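# Remarks on the overall topology
Here's the letter readout for the chains.
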Amino acid sequence: MKITFYLLLILLLSLSSCKEKQDVVADPREVTDTLQIAYQPNKKQEIILTPSAKNATESWENYRELAAQIDALDTVRVGYLRVNGKEWISNASLAQTKVKDSFANTAIEARLTVLFTKTNTLIQEASKLEVDTAAVNKEATELYNTFQNLKLQINLKHQKSIEELLEQYEVEADSLSAVKDSSETRRDSLLRANHVPVQN
């Protein structure tokens, strides 16, 4: 009976030691997923597109979505970036690869490449198992600044050249001169009609 008792005891101990202990581990992202993106102090001032640049971007397929994402960046939470990251990266990629001919120049293409890279880096930071919120905020600020640089390049691309400005000035000057000449002629004819001497 002692042998049976000891065998039973050994069997129970061996079964309990074979049983793996599974501790419930909380996902560390649960805490950081609820945090809102906060820009750093080095955030650039927003660049406003000129009317001609704004008109040009209307037909750029992915620009509006890209602008909406950047505008909403400081209102979203880290978890949102992680969940929707593929969509953000895809849109940045499409904006880069489907750039319209009216925007095709080296400076804009370089800004789009940097924008795509910064989007990837931000999503990677937000998707880490242990999220460094300072790094996420830094990358979000850099992404915002990169987009402002892109808008600046778009404005530069669609601004009028000096020749165009001079031509516009000459047209306006000619029209003002014509208006002045016609008003003087009209004044003179009114004076003559009223028998007032006209000085030449």
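See the structure above.
Let me begin by describing the structure that accompanies this report. (Residues numbered from 1 in each chain as written. Predicted model: local features only at pLDDT ≥ 70, side-chain atom pairs only at ≥ 80, totals over all residues. Heavy atoms only, no water.)

Moving on, we get to the overall build of the chain. Per the secondary structure count, the chain includes 8 helices and 0 strands. Secondary structure of the chain in N-to-C order comes out as α-α-α-α-α-α-α-α. Taken over 200 residues, the chain has a buried fraction of 29%. Considering only contacts in the chain between residues 6 or more positions apart, those separated by 24 or more positions represent 82%. Element-wise, carbon and sulfur atoms account for 56% of the exposed surface of the chain, whose accessible area totals about 13900 Å². (Helix = DSSP H or I, 4+ residues; strand = E, 2+ residues; numbered from the N terminus. Buried < 20%, exposed > 50% of the residue type's maximum accessible area, 1.4 Å probe, protein only. Contact = heavy atoms within 4.5 Å. Areas by Shrake-Rupley, 256 points an atom, 1.4 Å probe, with all protein chains shown as cover.)

Quick look at helix H4 (residues 63–72) now. If you check which residues of H4 are buried, you get Tyr-63, Leu-66, Ala-67, Gln-69 and Ile-70. The buried residues of H4 occupy an angular sector of 160° when projected down its axis, which confines them to one face. The elements touched by buried residues of H4 are helix H3 (51–57), helix H5 (78–97), helix H6 (106–127) and helix H7 (133–157). (Arc of directions from axis to C-beta.)

For the rest of this paragraph, the subject is the packing of aromatic side chains. Considering all chains together, one arrives at 4 aromatic pairs under this definition. Arranged with centres 5.8 Å apart and planes meeting at 25°, the rings of Tyr-63 and Phe-147 form a pair that is stacked. Note that Tyr-63 is positioned in helix H4 and Phe-147 in helix H7, a separation of 84 residues in sequence. A relative accessible area of 5% means that Tyr-63 is categorised as buried. When its relative accessible area of 1% is taken as the criterion, Phe-147 is described as buried. These aromatic residues form a ring-pair network of at least three members: Trp-60, Tyr-63 and Phe-147. (Phe/Tyr/Trp six-rings, centres within 6.5 Å; stacked < 30°, edge-to-face > 60°.)

Its 25 residues give H7 an end-to-end C-alpha distance of 36 Å, which sits within 8% of 36 Å, the value for a rise of 1.5 Å per residue. If you check the start of H7, you find a side-chain oxygen 3.2 Å away from the backbone N of Ala-134, and it comes from Asp-132. (Expected span 1.5 Å × (residues − 1). Polar contact = N/O pair within 3.5 Å; in protein donor to acceptor, adjacent residues only side chain to side chain.)

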